[in-house]
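Here is what each chain is made of, one letter per residue.
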Amino acid sequence: MRSDFAAAREFLECAQNRLCGMDETSQRVSEALDSLIEEIAIAEFRKAPLTIVPFPRARPPRHAR
C-alpha cells in the first residue's frame, strides 16, 4: 500500500495553521511541522519520469498558405 502524501501534507498544514500562538512551544512545533511538510512535499512530487506524449505538428495558419 502506498502512502497518501498529499493527504498527510494537507493534515500537517491544517495542524500548522492552528498553531497561531506566539508562545515558544507553538513556534517550535510550527517549525517542526514545516520541516515535515517540506519532506512530504519532496516525497509527493518525487515520481517516476514523466511520459511525454508528442502532439502532431500543427498546420500553418490559413493566411500563411
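Before going into details, it helps to say that this report is about the structure given with it.

What counts, and where the lines are drawn
Residues numbered from 1 in each chain as written. Predicted model: local features only at pLDDT ≥ 70, side-chain atom pairs only at ≥ 80, totals over all residues. Heavy atoms only, no water. Salt bridge = Lys/Arg side-chain N within 4 Å of Asp/Glu carboxyl O. Helix = DSSP H or I, 4+ residues; strand = E, 2+ residues; numbered from the N terminus. Patch = residues over 30% accessible without salt bridge, like charges linked within 9 Å, V, L, I, M, F, W, Y side chains within 5 Å. Areas by Shrake-Rupley, 256 points an atom, 1.4 Å probe, with all protein chains shown as cover. Lys, Arg positive; Asp, Glu negative; His and termini not counted. Charge placed at Lys NZ, Arg CZ, Asp CG, Glu CD. Axes fitted to C-alpha atoms, helices over the stretch in contact; angles between N-to-C directions. Parallel < 35°, antiparallel > 145°, perpendicular 65-115°, else oblique. Left-handed = near helix turned anticlockwise from the far one by under 90°. Contact = heavy atoms within 4.5 Å. Nonpolar A, V, L, I, M, F, W, Y, C, P; charged D, E, K, R; others polar.

1. Digging into the pattern of salt bridges
Then comes step 1: One pass over the full model with this rule turns up 2 salt bridges.
Then comes step 2: Between Glu-13 and Arg-9 there is a salt bridge, and its shortest N-O distance comes to 3.4 Å. Taken together, the residues Glu-13 and Arg-9, both in helix α1 (residues 5–18) and 4 residues apart, mark about one turn of the helix.
Then comes step 3: What you see here is one network of salt bridges that share partners, running through Arg-9, Glu-13 and Glu-44.

2. With respect to a negative patch on the surface
Then comes step 1: A cluster of acidic side chains, namely Glu-31, Asp-34, Glu-38 and Glu-39, defines a negative patch on the protein surface.
Then comes step 2: Checked against the element boundaries, Glu-38 lands in helix α2 (residues 24–45).

3. Observations concerning the packing of α1 against α2
Then comes step 1: One way to put it is that α1 packs onto α2 with a least axis distance of 9 Å and a crossing angle of 160 degrees. Classed by the angle they form, the pair α1 and α2 counts as roughly antiparallel. Every pair of crossing elements has a handedness; the one defined by α1 and α2 is left-handed. Residues Phe-5, Ala-6, Ala-8, Arg-9, Leu-12, Glu-13, Ala-15 and Gln-16 of α1 lie in contact with α2, whose contacting residues are Ser-30, Leu-33, Asp-34, Leu-36, Ile-37, Ile-40, Ala-41, Ala-43 and Glu-44.
Then comes step 2: Of the residues in the contact of α1 with α2, the class split is 11 nonpolar, 2 polar and 4 charged.

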